[in-house]
Amino acid sequence: MIFWLSTKKGATNWVARLGKTHGFARRFVAGETLEEAIRSIAPISQSRRRVILNHLGENVVTPDEARNARDSYIQMLRALREAAIDGNISVKLTQLGLDFDRELCLSLAHEIAAAASLDNTIEIDMEASAYTDATLQIFEQVQREHVNTGVALQAYLLRTEADVKTLAPLSSRSKLKIRLVKGAYREPPSLAFQKKSDVDANYRRLLDSLLQPDKDGPVVAIATHDPALIDYACARIRRLALTVDRYEFQMLLGIRRDLQERVLSQGHPLRVYVPFGEAWVPYFMRRLSERPANLSFVLRSLFAEDKKGGSI
């Protein structure tokens, strides 16, 4: 029900008003502006966590909007560098015009990658399955010129095992980075596993394929909050004696902070996925729909006066 409400403007406007009044969304969203986000992530960076910054929004409809998104991404890179934060950025190709001008999207993605140093990876998000082929094709074209470009793959898609094999040759000439997520879009049985147990099993198979002793293998971002999958990944990392430059764990801002602490305490690198932007309400409501504990946290906060004030 919450997921459905996230698509309704009246509901999202109501949540936005509550969020600004009570400040409860700050656990999950770093603010509405880049300045707010940088202030929010400074303490995260100081606590041995790396960050990946995500400007919320997708599916722009004009070339000007796409170029504005390009400018925003480049500004994010500069802000991270100026603040001396170990941070990457997450890029959605539908924010760069993929829906209506693929060549423009490719050109803008090249410009963003060129603006990043080798120490700052741009990680191309994977969106709904209708975009998978185009996303991988653009990624490969950008990555051939800019080795600091990574991509997300979704474990719930039936095709992902084949996609991993297709991308493997890129690792032989550069340090390819792949972020492995479960997947969050609603997809039909013909394209995606429907049962959690099947998705989890495929996630483990993909980890087996990606986490290899070969020094030319990809850098793997293990993006999950599932304790069983985290334990599985940790066991494989220990068994293969992988060094910390070969992998990292990624988790969302405000989600399973206990697991974040456990991963760090075991000596593993952790990167926190930090969303910000004015389009925060649909994202925030999707986070609530994923885990009842998140909803409980927000409901409790609604009954408490926000002494500090401020926005989300």
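Data block above holds the structure.
Definitions and cut-offs
Within any chain, residue numbers begin from 1 and follow the written order of that chain's sequence. Per-residue local features of the predicted model are confined to residues with pLDDT of at least 70, and side-chain atom pairs are confined, for both listing and counting, to 80 or more; whole-chain, interface and lining totals are unaffected and use all residues. Computation of side-chain values covers all heavy atoms of the structure but excludes hydrogens and water. Axis definition: a line fitted to C-alpha atoms, limited for helices to the stretch in contact. Angles are taken between N-to-C directions and run from 0 to 180 degrees. We count a stretch as a helix when DSSP gives it H or I for four or more residues in a row; a strand needs E for two or more, and each element gets its number in order from the N terminus. Roughly parallel here means an angle under 35 degrees, roughly antiparallel means over 145, roughly perpendicular means 65 to 115, and every remaining angle is called oblique. Should the near helix be turned anticlockwise from the far one by less than a right angle, the crossing is left-handed, and should it be turned clockwise, the crossing is right-handed. Contact between two residues is taken to exist if any of their heavy atoms lie within 4.5 Å; hydrogens are not considered. Think of it as three bins: nonpolar holds Ala, Val, Leu, Ile, Met, Phe, Trp, Tyr, Cys and Pro, charged holds Asp, Glu, Lys and Arg, and polar takes everything else, Gly as well. Note on classification: 1.4 Å probe, protein chains only; a residue is buried when its accessible area is under 20% of the maximum for its type, exposed when over 50%, partly exposed between these limits. The set of buried Ala, Val, Leu, Ile, Met, Phe, Trp, Tyr and Cys residues whose side-chain atoms join them within 4.5 Å is what this entry labels a nonpolar core. Only rings of Phe, Tyr and Trp enter the pairing, Trp through its six-membered ring, and a pair is recorded when the two centres are within 6.5 Å. The plane angle decides the type: under 30 degrees is stacked, over 60 is edge-to-face, the rest tilted.

1. Description of the packing of helix α6 (residues 132–145) against helix α7 (residues 160–167)
Reasoning step 1: It is the contact of α6 with α7, at a shortest axis distance of 12 Å, that shows an interaxial angle of 15 degrees. What the angle tells us is that α6 and α7 run roughly parallel. For α6 against α7, the interelement crossing comes out right-handed. Where α6 abuts α7, its residues T132, L136, F139 and E140 lie against D163, T166 and L167.
Reasoning step 2: Along the lines of polarity and charge, the residues of the contact of α6 with α7 split into three nonpolar, two polar and two charged.

2. Some thoughts on the environment of N88
Reasoning step 1: Structurally, N88 can be placed in strand β2 (residues 87–91).
Reasoning step 2: Exposure remark for N88: the relative accessible area of 2% places this residue in the buried category.

3. What about the nonpolar core?
Reasoning step 1: Core analysis: the biggest nonpolar cluster contains 74 residues, and L96, I222 and F249 have the highest contact counts within it.
Reasoning step 2: Broken down by element, this core gets its largest block of residues, eight residues, from helix α4 (residues 63–82).
Reasoning step 3: Among all residues touching L96, those that are not within four sequence positions of it are V60, A66, A69, R70, Y73, V91, L104, C105, L108, A109 and I112.
Reasoning step 4: Counting residues in each nonpolar core, the second largest holds eight residues, with L252, I255, Y273 and W280 among its members.

4. A closer look at the packing of aromatic side chains
Reasoning step 1: Inspection of every chain in the model, using the stated rule, returns one aromatic pair.
Reasoning step 2: Taking the centre distance of 6.2 Å and the plane angle of 85 degrees together, the rings of Y247 and F249 count as edge-to-face. A single burial state applies to Y247 and to F249, both of which are buried.

None of the figures reported here should be taken as evidence of function without further support.
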